[in-house]
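Working through the structure, step by step
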Amino acid sequence: MIKVLVNGACGRMGTAVLRAVTDDSELELVAAVDRKEGIEVGKLIGEENIKLKTQQNLKQAIEMTKPDVMVDFTNPASVYDNVMTALNLGVSPVIGTTGLSEEQKGQIDELSRKQKVPAFIAANFAIGAVLMMTAARKIAEYMPQVEIIEMHHDRKLDAPSGTAITTAEMISEVRKPMKQGHPDEEEKLAGARGAEINGIPIHSVRLPGFVASQAVIFGGLGQTLTLRHDTIDRTSFMPGVVLACKKVQGLEGLVRNLENIL
Ligand code: NAD
């Protein structure tokens, strides 16, 4: 059995992970950590026979319950410290929280290798989103002019989304940085053309009603091609999270993106 600690247990994603871990016969939920202390896990997920309560102190929770894996769905401000704590205590992080900088990911990889404690991060654990990203990379070989529109619920703290950043990075593997639009175009309102990664414009929509959606629009002579993925329910992420919990300990350093463990 792989022992799992869920960090951010009371959140939208954390609660879904508690359920997914509890339902899997190869995983054992040993601890639930959250800023909100003393919440009964059994009540959170409607399983009265689970007697765990949420704890606030990650280090203490790890020392008491000795998990193999920590799943982190907290927030961009705390994920880095959580991951460093886990690595220093020999626990493999499965990181779902978005918003880590490239530099921070580099430092996580370094500590993971030094400690010989593998780690995994994915900006999106939904298989449909992974397929959207890999298809976008393929299409960009033939249609390099592309813009990304990502749409999320209005409680999301970071913009653009990790999925949009990863999509732009994957497209950048096959196309050179280029300026799109008219060379003399002028923004009459700041931000009208969106943010940019390697010249790929990214537009972020934040509205109640969305969970996580993204459209990748390619333009060519006389034609456009749109890839679109919609997460309708957070259960879409769970098979990917469960798979990462089972595979992370066999990896080396920090491995990125679900496509690399499928
Ligand atoms: P949320 O606000 O519903 O939940 C976050 C939880 O973390 C809350 O319960 C909060 O109390 C807790 N928390 C905050 N700081 C903490 C800390 N220092 N220690 C312990 N607990 C802490 O957020 P959410 O919608 O569940 O999203 C969480 C993160 O996951 C976001 O960064 C989001 O972008 C990301 N996300 C990733 C994927 C993916 O597939 N990788 C999918 C959905 C969301």
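The structure reproduced in this document is the subject of the present report. (Residues numbered from 1 in each chain as written. Predicted model: local features only at pLDDT ≥ 70, side-chain atom pairs only at ≥ 80, totals over all residues. Heavy atoms only, no water.)

**Concerning helix H1 (residues 12-23)**
Rules: Helix and strand definitions here come from DSSP, where helices need a minimum of 4 consecutive H or I residues and strands a minimum of 2 consecutive E residues; each element is numbered from the N-terminal end. One less than the number of residues in a helix, times 1.5 Å, gives the span that helix is expected to have. Burial classes: relative accessible area under 20% of the type maximum marks a residue as buried, over 50% as exposed, and values in between as partly exposed (1.4 Å probe, protein chains only).
Its 12 residues place the ends of H1 17 Å apart at the C-alpha level, agreeing with the 16 Å of an ideal helix rising 1.5 Å per residue. The complete set of buried residues in H1 reads Met-13, Gly-14, Thr-15, Ala-16, Val-17, Leu-18, Ala-20 and Val-21.

**Describing the side chain of Asp-158**
We count it as follows: In the analysis that follows, any N or O atom pair within 3.5 Å is treated as a polar contact, provided that within protein one partner can donate a hydrogen and the other can accept it, and provided that, for residues neighboring in sequence, both atoms belong to side chains.
Looking at the element boundaries, Asp-158 is found in the loop between strand E6 (146-152) and helix H7 (162-172). By relative accessible area, Asp-158 is classed as buried at 13%. At 3.0 Å, the side chain of Asp-158 forms a polar contact with the side chain of Lys-156.

**A closer look at the layout of surface pockets**
As a reminder of what qualifies: Both site types are read off a 1 Å grid over the protein atoms alone. A 1.4 Å probe that fits but cannot get out defines a cavity, while an open set with protein on both sides within 12 Å along at least five of seven lines defines a pocket; lining residues have an atom within 4 Å of a point. Grid points are joined across faces, edges and corners, and a volume is the space filled by probe spheres set on the points. Each residue is assigned to one class: nonpolar for Ala, Val, Leu, Ile, Met, Phe, Trp, Tyr, Cys and Pro, charged for Asp, Glu, Lys and Arg, and polar for all the others, Gly among them.
There is about 1000 Å³ of room inside the largest pocket. The wall of the largest pocket is formed by 39 residues, among which Arg-12, Phe-73, Thr-74, Asn-75 and Thr-97 lie closest to the centre. Counting residues per element, the lining of the largest pocket draws most heavily on H1, which supplies 3 residues. Partitioning the lining of the largest pocket into residue classes produces 13 nonpolar, 18 polar and 8 charged. Of the volumes computed, that of the second largest pocket is approximately 360 Å³. In terms of lining, the second largest pocket is formed by 25 residues, of which the most central are Lys-105, Ala-123, Gly-162, Thr-166 and Glu-169.

**Description of the site of the ligand**
We count it as follows: Whether a residue is near a molecule or strand depends on its heavy atoms: if one lies within 4 Å, it is near. Here the Shrake-Rupley method, with its probe set to 1.4 Å, supplies the accessible areas, and only the displayed protein chains count as covering residues. Molecules are considered to sit inside a cavity or pocket once more than half of their atoms lie within 2 Å of its grid points.
Around the ligand, the surrounding shell holds 22 residues, and the nearest of these are Met-13, Asp-34, Thr-98, Phe-125 and Lys-156. Side-chain polar atom of Lys-156 to an oxygen atom of the ligand: 2.9 Å apart, as the coordinates give it. In isolation the ligand exposes 870 Å². Once the protein is present, 84% of that is buried. Among the detected pockets, the ligand sits in the largest pocket. Its residues assigned to classes, the shell around the ligand comprises 7 nonpolar, 10 polar and 5 charged.

**Here we look at the side chain of His-229**
The test is simple: In this analysis, two residues are considered to be in contact whenever any of their non-hydrogen atoms come within 4.5 Å of each other.
Relative to the helices and strands, His-229 is located in strand E10 (residues 223-231). Looking at His-229, the relative accessible area reads 14%, which means it is buried. A distance of 3.4 Å separates the side chain of His-229 from the backbone nitrogen of Ala-129, its partner in a polar contact. Those residues in contact with His-229 that lie beyond four places of it in its chain are Ala-126, Gly-128, Ala-129, Met-132, Ala-212, Ser-213 and Gln-214.

**Regarding the nonpolar core**
We apply this condition: What makes a nonpolar core is a set of buried Ala, Val, Leu, Ile, Met, Phe, Trp, Tyr and Cys residues whose side-chain atoms join them at distances within 4.5 Å.
One finds Val-71, Phe-120, Phe-125, Val-216 and Phe-218 to be the most contacted residues of the largest nonpolar core, which totals 54 residues. The element contributing the most residues to this core is helix H6 (residues 127-142), with 7 residues. When sequence neighbours within four positions are dropped, the list of residues in contact with Phe-218 reads Ala-136, Ile-139, Ala-140, Met-143, Gln-145, Val-146, Gln-223, Thr-224, Leu-225 and Leu-227. In terms of nonpolar packing, the next biggest core, distinct from the first, is built from 23 residues, Leu-5, Ala-61, Leu-87 and Ile-95 among them.

**Comments concerning the sheet that holds E6**
Operational definition: Strand pairing is assigned whenever DSSP detects at least two bridges linking the two strands. Each axis is a line fitted through C-alpha atoms, and for a helix only the stretch in contact is used; angles between axes span 0 to 180 degrees, taken between their N-to-C directions.
Here we have 5 strands laid out as an open sheet, ordered E7-E8-E6-E9-E10, and mixed in their pairing. Edge strands, defined here as strands with exactly one partner in the open sheet, are strand E7 (195-197) and E10. Ignoring which end each strand starts from, the neighbouring axes of this sheet average 20° apart. In terms of strand pairing, E6 meets strand E8 (residues 200-206) through 5 bridges, oriented parallel. Following the sheet pairing, Ile-148 is matched in E8 by Ile-202. Helix-sheet contacts for H6 involve strand E9 (212-220) and E10, and the interaxial angle to E10 is about 160°.

**Digging into the pairing of strand E1 (residues 2-7)**
Rules: Handedness of a crossover is defined as follows: with both strands directed away from the viewer, a clockwise route from the first strand across the helix to the second makes it right-handed.
E1 sits mainly inside the fold: 5 of its 6 residues count as buried. Pairing of E1 with strand E2 (residues 27-33), which is carried by 6 bridges, proceeds in the parallel orientation. Residue pairing across strands places Ile-2 opposite Leu-27, the latter belonging to E2. At this point the chain moves from E1, through H1, to the parallel E2, and the crossover so formed is right-handed.

Geometric descriptors of this kind do not, in isolation, establish any biological role.
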